[in-house]
Every structure is written in structure tokens, then in C-alpha cells.
Amino acid sequence: MTATATTVTPNPKLSSAYSYSHYFQKHSSPKWTLEMNACKWHHCRRGQMIVTKASSSGSGNKEKAGKRSTNTKKSNTNTNPDALTQQQQQQQPVSISLDDVNPVGLGRKSRQIFDEVWRKFSGLGQISRTTRADDKESLDALLIREGPMCEFAIPGAQNTTVLVVGATSRIGRIVIRKLMLRGYSVKALVRKADQEVVDMLPRSVEIVLGDVGDPCTLKAAVENCNKIIYCATARSTITGDLFRVDYQGVYNVTKAFQDFNNKLAQLRAGKSSKSKLLLAKFKSADSLNGWEVRQGTYFQDVVAFKYDAGMDAKFELSETGDAVFSGYVFTRGGYVELSKKLSLPLGCTLDRYEGLVLSVGGNGRSYVLILEAGPSADRSQSKLYFARFSTKVGFCRVRVPFSSFRPVKPDDPPMDPFLVHTMTIRFEPRRQRPVEGPSGAKQDLRSFKLILEYIKALPTGQETDFVLVSCTGLGVEPSRREQVLKAKRDGEDSLRRSGLGYTIIRPGPLKEEPGGQRALIFDQGNRITQGISCADVADICVKALHDSTARNKSFDVCYEYVSEQGKELYELVAHLPDKANNYLTPALSVLEKNT
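Quick notes on the rules
Residues numbered from 1 in each chain as written. Predicted model: local features only at pLDDT ≥ 70, side-chain atom pairs only at ≥ 80, totals over all residues. Heavy atoms only, no water. Helix = DSSP H or I, 4+ residues; strand = E, 2+ residues; numbered from the N terminus. Buried < 20%, exposed > 50% of the residue type's maximum accessible area, 1.4 Å probe, protein only. Contact = heavy atoms within 4.5 Å. Phe/Tyr/Trp six-rings, centres within 6.5 Å; stacked < 30°, edge-to-face > 60°. Lys NZ or Arg CZ within 6 Å of the ring centre and 35° of its normal. Axes fitted to C-alpha atoms, helices over the stretch in contact; angles between N-to-C directions. Parallel < 35°, antiparallel > 145°, perpendicular 65-115°, else oblique. Left-handed = near helix turned anticlockwise from the far one by under 90°. Nonpolar A, V, L, I, M, F, W, Y, C, P; charged D, E, K, R; others polar. Pairing = 2+ DSSP bridges.

Per an unreviewed UniProt entry, the protein chain is named Protein HIGH CHLOROPHYLL FLUORESCENCE PHENOTYPE 173, and its organism is Citrus sinensis.

Below, the discussion takes up the overall build of the protein chain. Helix and strand counts for the protein chain come out as 13 helices and 27 strands. Of all 595 residues assigned to the protein chain, the portion counted as buried reaches 42%. Within the protein chain, contacts between residues at least 6 apart in sequence are counted, and of these 72% link residues at least 24 apart.

With that settled, the discussion passes to the packing of aromatic side chains. In total, this model carries 14 aromatic pairs according to the counting rule given. Each ring, one from Tyr230 and one from Phe466, has its centre 6.1 Å from the other, and the planes form 25°; the classification is stacked. Of the two residues, Tyr230 is situated in strand 8 (residues 227-230) and Phe466 in strand 21 (residues 466-469); the sequence distance between them amounts to 236 residues. Consider the rings of Phe243 and Tyr247, whose centres lie 5.2 Å apart with planes at 50°: the pair is tilted. Taken as a pair, Phe243 and Tyr247 lie in helix 10 (residues 239-267) at a separation of four residues, close to a single helical turn. Tyr247 sits in the partly exposed class, given a relative accessible area of 22%. Cluster of aromatic residues (ring-pair linked, three or more members): Phe282, Trp291, Phe315, Phe325, Tyr367, Phe389, Phe427 and Phe448. For the cation-ring pair, Lys456 lies above Tyr454, with the distance from its terminal atom to the ring centre recorded as 4.4 Å. For the cation-ring pair, Arg518 lies above Tyr559, with the distance from its terminal atom to the ring centre recorded as 4.2 Å.

Take unusual backbone geometry next. Phi at Asn224 takes a positive value of approximately 65°, unusual for a residue other than glycine. Within the secondary structure, Asn224 sits in the loop between helix 9 (219-222) and strand 8. Exposure remark for Asn224: the relative accessible area of 52% places this residue in the exposed category.

Turning next to the packing of helix 7 (residues 170-181) against helix 12 (residues 534-543). It is the contact of helix 7 with helix 12, at a shortest axis distance of 8 Å, that shows an interaxial angle of 50°. It follows that helix 7 is oblique to helix 12 by the angle criterion. In this structure, the crossing between helix 7 and helix 12 has a hand that is right-handed. Facing Arg170, Ile171, Ile174, Val175, Lys178 and Leu179 of helix 7, the residues of helix 12 in contact are Cys534, Ala535, Val537, Ala538, Asp539, Cys541 and Val542. Residue composition of the contact of helix 7 with helix 12, by class: 10 nonpolar, no polar and three charged.

Let us look at the pairing of strand 19 (residues 420-427). The buried count for strand 19 comes to eight of eight residues, which makes it a mostly enclosed element. The pairing of strand 13 (residues 334-341) with strand 19 spans six bridges and is classified as antiparallel. Across the sheet, residue Glu337 finds its bridge partner in strand 19, namely Arg426.

Listed below in C-alpha cells is the structure:
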């Protein structure tokens, strides 16, 4: 039997033939003896590697080894000089200089080899399409749990189907391969299934034709999907393309995904865990019953009447069928509010939800949302909690998490959504900011108009349902940066209001580099200045699917950089030494939620 010995000797002084031979002779097992005459330790200069071949034979076959040596002596006398020269060249050690090694070339070559192996391996996916369901499960168990992919497999991935939107993008192609290696079932949404696209994706991926701008083509794409990774981006900075892909596309995919979950829940005679709970819907005059308009002031002394200039408010159904809460407050320290005692369906409590979403319109004023929590039978023991929200000119949806509510009295305990029984919407002239109206004229900050469409509770959950890859605006042409960011932010807001558990990733300028080579910065506040590898962004997308700390969080990510002293901007530096390092949990645990 032949053994190969590889020796790296950076310092010639450290190599000693005597010490190594003495060690092998002392510690070798009875079955194996190393022929020290055939194994030579060569001194080399720093930065070189010497590879020599050594032969080993069993201790019980010494006679056979002697016979073989005599036979080789006889055969050597009959060989020609050319054969001897070739044999001497083969026995010479191979010297490899580290200075001649190009890491970029090695990386490209390794990726080429991996792609070639992956094409052959992904061909096995064709078997699962023609076999029975039980055969497919046994094949998956062989490949994932016991086969070459067991090292990458994630618990729960076998029962999870992920839809990748933008599968042919720079990030989407890497995301698909990472999902396949971890055992997920993957569906790729593409607009055209030509040969170039088919060759770009693994064969075992289910390709679905569709366009994010056309809601009708998304029903088949989201069917039987558990999670979605949205990597699509507009191919141009034209406003129409930005609106169709970055905003309308996100809205269409989230709506199709919610519709599928609702349909699936109806077939199971239940309610989808991703569905919102309707608290109030203002569509008729009867829907206004129970809402009470009240007035008040923050001053409790008689001096307040000196500044009383009047206030008025009303809540009624307009001629167009809209529920309008409007009025004015000229009294110093005064306010008006709209309040109602909640009537939840039987068996439903707000502790199963994580916030509220309001579909409202009006003239861009800010309001205070107040929740009263405590025993409904004895309201004297109730506690008040408030959160502020702003509206835009026209219709918008406002998301108010329960975690943003603060007690009116600082000594009160945090709010328990289970005990919430009354909701109040308050308008006060203070803290109002001027808003430019459609005509460009400034409006009176003491008057307001709020159109209410519905109020719903957002469902809670442990994991992310929808991963959206957005951008920070770096690398975009300055002349088009505002349009790009507006479309991206509108898409993000649409995802937050959908009720799905979301993770929004805003990477810096993308780079075609190997992933896992540099430390990453996770931050909130649009303050990063560096780029990031596409492979690192894809790895974050995949890790966020089952990470509870990634749910309902938006963050920026880029390569580590050294800031000026006293101007450190980032929250955490996370290193990526290997695939087993769970760097995402500690990185995101310090970031703010519901952003």
C-alpha cells in the first residue's frame, strides 16, 4: 500500500530528519512501518511546499518486500535510459510556491467546479418529478439527512417551500443555490422561460412564469408557498418601472400571498394565522354607532377660560360614503377625540396580535391613539396608554405596534393587550407641523379632517414570512436617487401594512465578491457608506427565514469600515468565519423592532 506524505517547512531549522524518523519508529503501529529511506525531508525556503511520496508495507510481509526489491533490481538492468529518466523525474519532489498562487483565480476555479458539480447533482431532481410521492420522500431523506447535503440542511427546511421573486437577479441566483443546499423546496418566479434562463437555474427548481406587475399571474406562483424572498428590482430608473416593480410588485405579491393563506384557512374551516383582525370598518351609517365625540383641555384651573376661543368636532358619513371625523380646536391646551369601546369576536383577544393598522385619509395631521386597558367591569382601575402617528395628504395606511404605546402615567406598568377594551383617536393643535396642500398654500394647523376606512389588528408570529431586499440609495445616480428611494420606501411601507412578518434588508452597493470574507455592519438610520458582496446579502436572506430576531425589522448592512474617532455610526460588527456561525441573531437582537 502506498501513502503520501505532505510537509510544510516554513523554517529549515525546525525540520529534523532524525527527530521525525525517531518518532515514527517509536510510535508506529505493528501493521504499518514507514520506510525512512523512501521518505526524505527536504529543506526549502520560506513560502514553499515540498510533497514527497513514501511507501509503506505490512510488517508481516518483509520477505515479499525483499523479493520485490530483487525483482526491481533485475528489471532495472533491462530497462532503457529513457524509462530511467522518466522514473527519476516522477520521484522528484513537487515544489509549489505560494507567491505563484492567485486567490482570485482559485476562487473562480472553485466556483466553476462547484457549478459543474451542481449541474450534475441537480439532475437528480428530475427523478423526483417522475417518481411517486413516497419515493420522493425517501430520495430527499437520502440526499439531505444522510447524503452530501446533510451538513447544510436546516431543521424544518424539508417542509418549507420558498418563492424567490427575481430569481435571475444577482442576489436571486445565489439565494436559490443556498436554499437548495439547505434542503428547501424552491419556486422561481421569472417573466420568460427561455433557454438562457433555464440554464441559469438548477434543474430541480420549479420555474413559474409571472409578472409582479400583473396580479393574475401571481396566484399560481404563491400556491403552496410558506415564505417569500423578494429580490426583484427595476431594470431602469424610469418612474413607471420603479413603480411597477418596487412598489406595485411588492403589494401584488403580498396580497396574493395573503389571499392564498385565507383561502387555505377557509378550506380548513379556520382562520389564517397571517390574517388581520377587523376591529372597525366604516362603510355605512350603522358602522358609526358606538363612536363618541368628546372635548377636553389639558388645563385644570380657571385661568384656562381666559384663552378659550372655542372648539368643535363631528363624526358623520359624507355624501360620498366616507366616514369623516373633522373639526377645529382654537382653545389653548384643548383637544377633541373620538372614542369607542371595542367589541371583539368571541374567543379573540388582542394579545394574539402585535399592533394596529389604520387605513385613513385627510389633510396630513398627526394624531394620538389612546388605548385603555384594565378590568372592563371596573373602569376606575384602567390605565391609559398612548402612541402618536402621522398621516399624509390623501389616503395612507398607518401601522402602530403595541410596543410603541407608552403609559400616560410613568409609574404604570407596560400595556397588556389582553386587557385593552377602549380605543380613542385624539387631535390636539400642539406638535402639528405645517403641510403643503395640493394648491401649495399652507393650511390652518388648528383644523383637521380625518377619513376613516378601517382599523385592524396585525397578527403576531415567531418567524419571518416575507424577506424584501431594498437598497440604501448608494451607488444610484444622484439625479434619480430620490425617485428610486421613493419607490423602494413605498414598497417597504406596503409590506409593513400587509400583516405579514417581514424582514427588510437595505444593502450597500452590491459587489461581485466571495461571501464570508469580511466583517459586516448592521445599522438603522441610513448611515452606512460601504458596499457588500451579493453572496453575503443572499446568506442574510436565507438565515432570516427562521430567525425570530429578524421578524418585523428593517436594517442597513455593509462591509465593516473604520470611522473617525467619536463618530462611530454602526451598532454591531458581526464576523462570518464559517457557515456554522449564527451571526445574524446577535447582530439583529440589538436593533429596534417594527421599523
